[in-house]
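# Fold and geometry: a report
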Amino acid sequence: MIFPIDFRPSIGIQVWKGVFPTVNYALSIQNYNLWGRQFTIADALVAIWLIIAGVFMLRYFVKYQEMRRIFQKYSTEANEQYQSVLSRITQEKKIKKKIAVYQNPGITIPCAEGVFRWNIYLPDYDYSEEELYYALLHECTHFTNGDLYIKWLTQLCRCLCWWNPLVYKMQDTLEKNLEIRCDLTVTENLSQKEQLSYLGTIVKTLKNAQKKRGSGVLYGVHLADKNGEELKERFEIICKNQDKKTGRNQKRKYMVYFFLMIVLSYTVVIQPAYDPPEDEIITEEGMEELTPDNTYVQKEGDKYYMIYKNDKDEISKEDAEEMKMSGFEVKENEEK
């Protein structure tokens, strides 16, 4: 959708009849006039698309800035215990970029925020040191996995492709899968006991959030649905993945699949085809169009001739082959 490129080796399939050429002509070729300016229906649709996409992007940017201001207004810098645990995680994970951690009484779950400056906001709960470690480790992993950049990209796709319902479904599914990938990254080097402690921290965090909000629907959370099926699925994936590693080879494999999918999707291009207008073919009085009905190609030995009524003109072999492909009959004359 973002890069509609026709590769040179692409196979073009010309469609002369049917709905496709008719619709394409009505949308992209037929001109209309408004206030002295000519435009096509496709031009109008593109203008509408860009205007609505621009409104959606502006609205999202304003809401994001409002959220940041609220976070900054009601957040306080975390105490020494939080800073100490965060420093331990950054050393273990070799994170060089600075991460700031804050406490905010207005939120219900831990969350990571920021693209250029990384911030972690935690609810005003009494965490044990182990729970605090896993909560901060989870959010730091979102940063190192690049999840926030992916979420920004999906939001951009949602604004640009606002007309496509599949994009909304893609965004919801992707956010859930990012949480699962984050879990797998966190737990891949943990023992079974440590994994259970990590899962216990998640359960406690969600229970505290539900108590505070008095509802099973958690704003901004895609970890569990109302009946807990997504949370159950998440835990099952972690348990089944104990002996597997989410290493670079797997990432390379998925990148290769993605690249092949993009390339193969453009190897065949369906193109509408039209006969040229008669007024562009016959430009002078007395000039007629050469068609397979009044013209043919005659081969005499190694030479080719185009026969039109009483006219006989020698042509090259390449021109003869091209005329043959265009439907002109080729006759062979064995006389020398």
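Located above this text is the structure these notes cover.
Below, the structure is looked at part by part. (Residues numbered from 1 in each chain as written. Predicted model: local features only at pLDDT ≥ 70, side-chain atom pairs only at ≥ 80, totals over all residues. Heavy atoms only, no water.)

## Some points on the pairing of strand β10 (residues 303-308)
When you tally the buried positions in β10, you get 5 out of 6 residues, the bulk of the element. Here strand β9 (residues 295-300) pairs with β10 via 6 bridges, running antiparallel. Along β10, the bridge assignment pairs Y296 with I307. Where β9 hands over to β10, the hairpin turn is made up of 2 residues, of which G301 adopts a positive phi near 65 degrees. With 5 bridges joining them, β10 and strand β11 (residues 311-315) adopt antiparallel strand pairing. By the bridge assignment, Y308 is partnered in β11 with D311. The antiparallel hairpin formed by β10 and β11 contains 2 residues in its connecting segment, where K309 sits at a positive phi of about 55 degrees. (Buried < 20%, exposed > 50% of the residue type's maximum accessible area, 1.4 Å probe, protein only. Helix = DSSP H or I, 4+ residues; strand = E, 2+ residues; numbered from the N terminus. Pairing = 2+ DSSP bridges.)

## With respect to the pattern of salt bridges
Taken as a whole and assessed by the stated rule, the structure comprises 5 salt bridges. Notably, a salt bridge pairs E113 with R68, separated by 3.1 Å at the nearest N-O pair. Of the two residues, E113 sits in strand β6 (residues 111-113) while R68 sits in helix α2 (residues 41-74), which places them 45 residues apart along the sequence. Accessibility expressed as a relative area gives 4% for E113, which makes it buried. Taking relative accessible area as the criterion, R68 reaches 24% and is therefore assigned partly exposed. Here R181 ties to D147 by a salt bridge, and the two come within 2.5 Å at their closest N and O atoms. Note that R181 is positioned in helix α6 (residues 165-187) and D147 in helix α5 (residues 147-160), a separation of 34 residues in sequence. (Salt bridge = Lys/Arg side-chain N within 4 Å of Asp/Glu carboxyl O.)

## Brief notes about a nonpolar patch on the surface
Together, V19, V23, L27, Y32, I41, L45 and I48 line one region of the surface with nonpolar side chains, adding up to about 570 Å² of accessible area. Of all the elements in the fold, those that place two or more residues in the nonpolar patch are α1 (19-29) and α2. Assignment of secondary structure puts L27 in helix α1. For L27, a relative accessible area of 31% gives the class partly exposed. (Patch = residues over 30% accessible without salt bridge, like charges linked within 9 Å, V, L, I, M, F, W, Y side chains within 5 Å. Areas by Shrake-Rupley, 256 points an atom, 1.4 Å probe, with all protein chains shown as cover.)

## Focus on the side chain of D183
By secondary structure assignment, the location of D183 is in helix α6. When residues no more than four places from it in sequence are discounted, the contact partners of D183 are H138, Y198, I202, R234 and I238. (Contact = heavy atoms within 4.5 Å.)

## Brief notes about the sheet that holds β11
Strand order in the open sheet formed by 4 strands is β11-β10-β9-β12, and the pairing between neighbours is mixed. At either end of the open sheet lies a strand with only one pairing partner, and these are β11 and β12 (330-333). Put simply, the sheet's adjacent strands are angled 30 degrees from each other on average, direction ignored. Across the face of the sheet, helix α11 (residues 317-325) comes into contact with β9, β10, β11 and β12 while running at roughly 115 degrees to β11. (Axes fitted to C-alpha atoms, helices over the stretch in contact; angles between N-to-C directions.)

## Some details on the packing of helix α4 (residues 129-144) against α6
The geometry of α4 relative to α6 is characterised by a closest axis approach of 9 Å and an angle of 115 degrees between their N-to-C directions. Classified by the angle their axes make, α4 and α6 are roughly perpendicular. Considering the relative orientation of α4 and α6, their crossing is right-handed. Facing L137, H138, T141 and H142 of α4, the residues of α6 in contact are L178, E179, C182, D183, T185 and V186. Classifying every residue of the contact of α4 with α6 by side-chain character gives 4 nonpolar, 4 polar and 2 charged. (Parallel < 35°, antiparallel > 145°, perpendicular 65-115°, else oblique. Left-handed = near helix turned anticlockwise from the far one by under 90°. Nonpolar A, V, L, I, M, F, W, Y, C, P; charged D, E, K, R; others polar.)

## Quick word on the packing of aromatic side chains
Applying the stated criterion across every chain yields a total of 12 aromatic pairs. Their ring planes at 25 degrees and their centres at 6.4 Å tell us that Y60 and Y64 sit as a pair that is stacked. One end of the pair is Y60 and the other is Y64, both in helix α2 and 4 residues apart, which spans about a single turn. Ring geometry for W118 and F143: centres 4.7 Å apart, planes at 5 degrees, overall stacked. With a gap of 25 residues between them, W118 in strand β7 (residues 118-123) and F143 in helix α4 connect regions that are remote in the sequence. For F143, a relative accessible area of 4% gives the class buried. Joined through ring pairs, the aromatic side chains of Y60, Y64 and W152 make up one cluster. Positioned over the ring face of Y254 is K253, at 5.6 Å from the centre of the ring. Above the face of the Y296 ring, K331 is positioned so that its terminal group lies 4.2 Å from the ring centre. (Phe/Tyr/Trp six-rings, centres within 6.5 Å; stacked < 30°, edge-to-face > 60°. Lys NZ or Arg CZ within 6 Å of the ring centre and 35° of its normal.)

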